[in-house]
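A closer look at the structure
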Amino acid sequence: MPRGKLIVFEGLDRSGKSTQCESLVSYLSERGLSVKHRRFPDRTTPIGQMINNYLQGQSEQEDHVIHLLFSANRWEAVAAIEADINAGTTVVIDRYYYSGCVYSAAKNNPSLTLAWCRHPEEGLPRPDLCLFLDISAEDAAKRGGWGEERYEKKELQDRVRQLFTDIRATDDGSDFVTINAGQSLEEVEREIRRHAESCISTTDDASPLRRIQ
Ligand code: TMP
Ligand code: MG
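None of these values were measured; they are calculated from a predicted model. (Residues numbered from 1 in each chain as written. Chains lettered and ligands numbered in written order. Predicted model: local features only at pLDDT ≥ 70, side-chain atom pairs only at ≥ 80, totals over all residues.)

Here's the deal with the sheet that holds strand S2 (residues 35–39)
Inclusion rule: Should DSSP find at least two bridges between two strands, the strands are regarded as paired. Each helix is a run of DSSP H or I of at least 4 residues and each strand a run of E of at least 2, with the numbering of both proceeding from the N terminus. Helix axes are fitted only over the stretch in contact, all axes being lines through C-alpha atoms; the angle between N-to-C directions runs from 0 to 180 degrees. Contact between two residues is assigned whenever their backbone-derived C-beta positions fall within 7 Å.
If you trace the five strands from one edge of the open sheet to the other, you get S2-S3-S1-S4-S5, paired in parallel fashion. On the outer flanks of this sheet lie S2 and strand S5 (176–180), each paired with one strand and no other. Averaged over all neighbouring strand pairs, the angle between strand axes comes to 20°, with direction disregarded. Pairing between S2 and strand S3 (residues 90–94): five bridges, direction parallel. What sits directly across from Lys36, in S3, is Val91. Sitting on the sheet, helix H1 (residues 17–30) touches strand S1 (6–11), S2, S3 and strand S4 (129–134), and the angle it makes with S3 is about 165°.

Shown next as structure tokens:
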């Protein structure tokens with residue numbers, strides 16, 4: 001049986017990731033593909049609840065600690081993700097380790113460099129495709145709903161966008177497809193479907209899931 005693919009959505013808050021992620025999952029499953037939807041942070045686990053409290057301002061965490069909790073929240077899902085992929089199910093995830101790296105590094109804490117932030121992510125399954133929904137912080141803010149959670153601030157989102165740009169120039173960025181998220185919902189949807197279908201049909205079924213090195 002061909003293995004499932006690992007497809008990830010990334011972008012700023014309010015870039016349309018969640019809507020597009022849901023739309024892709026329905027689209028693929030309507031076409032008979034076995035597909036599972038996940039999101040990080042997964043707020044349903046005990047670690048995820050600690051993250052949720054922090055994001056909502058109900059608790060404080062030291063910068064390195066919250067970074068490691070976000071990473072642990074991915075690690076606790078790895079066995080299930082791998083089991084799905086090995087069973088032929090494509091897993092579509094709303095945010096992954098790229099968010100883990102850039103949001104923490106955007107805090108400008110001198111000992112939270114992008115390189116430091118990336119270390120705990122090494123060994124995680126590497127996506128077959130990362131759909132990066134690109135939008136400026138100004139345009140994202142216009143979509144409303146900003147300011148509810150801890151990281152939804154213009155200055156931080158500007159740094160996050162810059163760090164995503166930096167990542168795109170590295171080996172991690174070689175999995176990225178950048179999509180202009182300022183287009184209409186339907187245009188964004190069409191581009192995403194095209195890339196996802198091409199990933200699903202062209203990734204060599206014999207090739208095992210790669211790891212983040
Ligand atoms: P969400 O808006 O997708 O629910 O994510 C909540 C916030 O958490 C968002 O501002 C991005 C941030 N985040 C991190 O800081 N590190 C991570 O590893 C992940 C997955 C998200
Ligand atoms: Mg958010």
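The discussion continues.
Notes on helix H2 (residues 46–55)
Inclusion rule: To sort residues by exposure, count the other C-beta atoms lying within 10 Å of each residue's C-beta; 20 or more gives buried, 12 or fewer gives exposed, and values between give partly exposed, all with C-beta atoms placed from the backbone. Working definition: the arc comes from the directions between the helix axis and the C-beta atoms, pointing outward to the latter.
Of the positions making up H2, those classed as buried are Ile47, Gly48 and Ile51. All buried residues of H2 fall inside an arc of 95° around its axis, so they share one side. Turning to H2, the residues buried within the fold contact helix H3 (63–75). Where H2 ends, the next residue or the one after it, Gly57, has phi of about 75°, a positive value.

Comments concerning the site of ligand 1
Operational definition: Working rule for contacts: place C-beta from the backbone, and if it is within 6 Å of a molecule or strand, that residue counts as near it. Gly is put with the polar residues, along with every residue not named as nonpolar or charged; the nonpolar set is Ala, Val, Leu, Ile, Met, Phe, Trp, Tyr, Cys and Pro, and the charged set is Asp, Glu, Lys and Arg.
Residues in close proximity to ligand 1 include Asp13, Phe40, Pro41, Leu55, Phe70, Arg95, Ser99, Gly100, Tyr103, Glu149 and Tyr151, which together make up its full environment. Among the elements that take part in the shell around ligand 1, helix H5 (residues 97–105) stands out by supplying three residues, more than any other. Of the residues contributing to the shell around ligand 1, the split by class is six nonpolar, two polar and three charged.

A word on the pairing of S1
Summarising burial for S1: six of the six residues are buried, a large majority. Neither face of S1 is left uncovered, since the one carrying Leu6, Val8 and Glu10 and the one carrying Ile7, Phe9 and Gly11 both have all their residues buried. Two elements, S1 and S3, share four bridges in a ladder whose sense is parallel. The partner of Leu6 across the bridge, within S3, is Val91.

Concerning the environment of Tyr27
Residue placement: Tyr27 occurs in helix H1. The exposure class assigned to Tyr27 is partly exposed, which follows from the 16 C-beta atoms found within 10 Å. Along the chain, Tyr27 and Tyr103 lie 76 residues apart, while their C-alpha atoms are 30 Å from each other.

Remarks on the nonpolar core
Nonpolar side chains tend toward joint burial in soluble globular proteins. What counts is decided by this rule: Remark: nonpolar core denotes a set of buried Ala, Val, Leu, Ile, Met, Phe, Trp, Tyr and Cys residues whose joining runs through C-beta atoms within 7 Å.
The biggest cluster of nonpolar side chains holds 42 residues, and the ones touching the most others in it are Val92, Tyr98, Val102 and Leu131. With six residues, H5 is the largest single contributor of residues to this core. The contacts of Leu131, once residues within four sequence positions are left out, are Ile7, Phe9, Val177, Ile179, Ile192 and His195.

Re helix H9 (residues 185–202)
Quick note on the threshold: Multiplying one less than the number of residues by 1.5 Å gives the expected span of a helix.
The first and last C-alpha atoms of H9 sit 26 Å apart over 18 residues, in line with the 26 Å expected at 1.5 Å per residue. All of the buried residues along H9 are Val188, Ile192 and Ala196. Buried residues in H9, looked at end-on, bunch into an arc of 55°, giving them a common side. Away from its buried face by more than 90 degrees, H9 exposes Glu186, Arg190, Arg194, Ser198, Ser201 and Thr202.

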